[in-house]
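# Fold and geometry: a report
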Amino acid sequence: MSLTNPSLVDGTQLPPTDSTIAISAPGYRPRAPRTGAGKRRLGQTLLHALLVVGGLAMVFPFLWMLLTSFKTLPQLLKDPLSVLPQPWTLDNYADAWNAVPFGQAYLNSLYIAVLVVAGTLLTASMAGYAFARIRFRGAKVLFILFLATQMIPKQVTLIPFYLLMTQLGWVDSHLALIVPGLLANPFAVFLMRQFVLSLPKELEEAAIVDGAGRWRIFWSIILPNLKPGLAALSIIVALDVWNAFLFPLVLLNTPDLFTVPLLLSAFQGQFGSINYGLVMAASAISTIPMLIVFVIGQRRILNSMAASGLGGR
């Protein structure tokens, strides 16, 4: 009887088994049964279901705000917990926009955000390049101290900051929001440093061989290669500046200087107990622009974080 072609005595062929295949093909290894595949699939299904439920819980307040902004005052008084507007109306948006100077507040928030973003991109990229590539005494200690300021809550620095702005004469002025914002942003410096560290040093070495100095290297080589990181940082800083509330509340007193969150707070105090539809419409007016910016730029933010090495650290 042949081991490679087993048969019965009467010549009937037997189906090959793992043992006969292993004898005929020495490199063959029988496949182990997949006992954990079903459990893994069930675990992934439960995980996705949990994430969907959590996502709906996070999105529901925003959806409720939007739906409430289209409700009429009689419906809100009769059934405040109703989901769909009956009937739908846009009057809340027109009334909210005309009740307070939202146009001026939008202009204030917009130009403050533009100036702070532009200044932060410049100062953070320069500081990040210095900490990443220029060797000087105390660089690591200075960077650690600078980064440690990010761990201090802003509420702790509110009173010293207000006293400093008083000495400078910047209270009730947009300078108190613009200048400190574009000069000191530890997270922006850290992010730019990570991006500079990810760039190959050969680019700078080639430029040094050609006789380029630090400024020429920064403007001609480093800065153009930081465009993905600068784009992500601009979105992050713009969102932070647009949503800032505590410092504008303390520093600004004139209504014509109010930013959108500050004006929204005043609007809520004026109409919050009367018409929730107006408050929700005003909230949507102040939220939707930055939400659109985030939705458009979220992929760039995630890609930039992954490229800088922050995604896995």
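Quick caveat, the model's predicted, so the values are computed rather than measured. (Residues numbered from 1 in each chain as written. Predicted model: local features only at pLDDT ≥ 70, side-chain atom pairs only at ≥ 80, totals over all residues. Heavy atoms only, no water.)

## Looking at the overall build of the protein
Put simply, the rule is: The helix count covers DSSP runs of H or I at least four residues long, the strand count covers runs of E at least two residues long, and both are numbered beginning at the N terminus. The buried label applies to any residue whose accessible area, calculated with a 1.4 Å probe on protein chains only, is under 20% of its type's maximum; exposed applies above 50%, and partly exposed to all values in between. In what follows, residue pairs with any heavy atoms lying within 4.5 Å of each other are defined as contacts. To measure how exposed things are, a 1.4 Å probe is used in the Shrake-Rupley method; for residues, cover is taken only from the protein chains shown.
Within the protein one finds 15 helices and 0 strands. In the protein, which comprises 313 residues, the proportion classed as buried is 35%. A separation threshold of at least 6 residues defines the contact pool for the protein, and within that pool the share at least 24 residues apart is 69%. Surface summary for the protein: the accessible area is close to 19,700 Å², and the carbon and sulfur share equals 68%.

## Looking at the packing of helix H11 (residues 214–225) against helix H12 (residues 227–243)
Heads up, the condition is: Axis lines are fitted to C-alpha atoms, over the contacting stretch for helices. Their N-to-C directions set the angle, which ranges from 0 to 180 degrees. Orientation categories follow fixed angle ranges, with anything under 35 degrees roughly parallel, anything over 145 roughly antiparallel, 65 to 115 roughly perpendicular, and all other angles oblique. Here the term charged refers only to Asp, Glu, Lys and Arg, the term nonpolar to Ala, Val, Leu, Ile, Met, Phe, Trp, Tyr, Cys and Pro, and the term polar to all other amino acids, Gly among them.
Closest axis-to-axis distance for the H11/H12 pair is 5 Å, and the angle between their directions is 60°. On the basis of the axis angle, H11 is oblique to H12. In this structure, H11 uses Leu-223, Pro-224 and Asn-225 to contact H12, whose residues at the interface are Lys-227, Pro-228 and Leu-230. Considering only residue class, the contact of H11 with H12 consists of 4 nonpolar, 1 polar and 1 charged.

## Looking at the nonpolar core
Rule in force here: Working definition of a nonpolar core: buried Ala, Val, Leu, Ile, Met, Phe, Trp, Tyr and Cys residues. They are joined through side-chain atoms within 4.5 Å.
If you look at the biggest cluster of nonpolar residues, it comprises 62 residues, and the most contacted ones within it are Met-192, Ile-222, Leu-226 and Leu-233. Residue contributions to this core peak at 11 residues, all from helix H5 (residues 102–133). Ignoring anything within four residues of it in the chain, the contact list for Ile-222 reads Tyr-129, Val-196, Leu-199, Glu-204 and Ile-217.

## Considerations on the packing of helix H6 (residues 139–148) against helix H9 (residues 186–198)
Note the threshold: Less than a right angle of anticlockwise turn of the near helix away from the far helix marks a crossing as left-handed, whereas a clockwise turn marks it as right-handed.
It is the contact of H6 with H9, at a shortest axis distance of 8 Å, that shows an interaxial angle of 135°. As summarised for this structure, H6 and H9 are arranged oblique, according to the angle between their axes. Read as a crossing pair, H6 and H9 show a hand that is left-handed. Side by side, H6 and H9 meet where Phe-143, Phe-146 and Leu-147 of the first sit next to Pro-186, Val-189, Phe-190 and Arg-193 of the second. Considering only residue class, the contact of H6 with H9 consists of 6 nonpolar, no polar and 1 charged.

## Some thoughts on unusual backbone geometry
Across the junction of Gln-86 and Pro-87, the peptide omega takes the value 0°, indicating a cis bond. For Pro-87, the location among the structural elements is in the loop between helix H3 (73–78) and helix H4 (91–99). For Asp-172, which is not a glycine, the phi torsion comes out positive at approximately 60°. Note that Asp-172 resides in the loop between helix H7 (158–168) and helix H8 (175–183). For Asp-172, a relative accessible area of 25% translates into the label partly exposed.

## Regarding the side chain of Ser-234
In this structure, Ser-234 sits in helix H12. Residue Ser-234 is classed as buried on the basis of its relative accessible area of 19%. What Ser-234 contacts, discounting residues up to four positions off in sequence, is Val-117 and Leu-121.

## Topic: the packing of aromatic side chains
Short version of the rule: Stacked, edge-to-face and tilted labels apply to pairs of Phe, Tyr and Trp rings (six-membered ring for Trp) whose centres lie within 6.5 Å, assigned for plane angles under 30 degrees, over 60, and everything in between, in that order.
Using the criterion set out here, one finds 13 aromatic pairs in the structure. Between the aromatic rings of Tyr-129 and Phe-218, the centroid separation amounts to 5.7 Å while the plane-to-plane angle is 40°, which identifies the pairing as tilted. Of the two residues, Tyr-129 is situated in helix H5 and Phe-218 in helix H11; the sequence distance between them amounts to 89 residues. Since its relative accessible area comes to 4%, Tyr-129 is described here as buried. Exposure remark for Phe-218: the relative accessible area of 2% places this residue in the buried category. For the ring pair Trp-215 and Trp-219, a centre distance of 6.5 Å and an interplane angle of 15° mean the geometry is stacked. With Trp-215 and Trp-219 both in helix H11, this residue pair falls 4 residues apart, about one helical turn. Trp-219 gets classed as partly exposed once you look at its relative accessible area, which sits at 44%.

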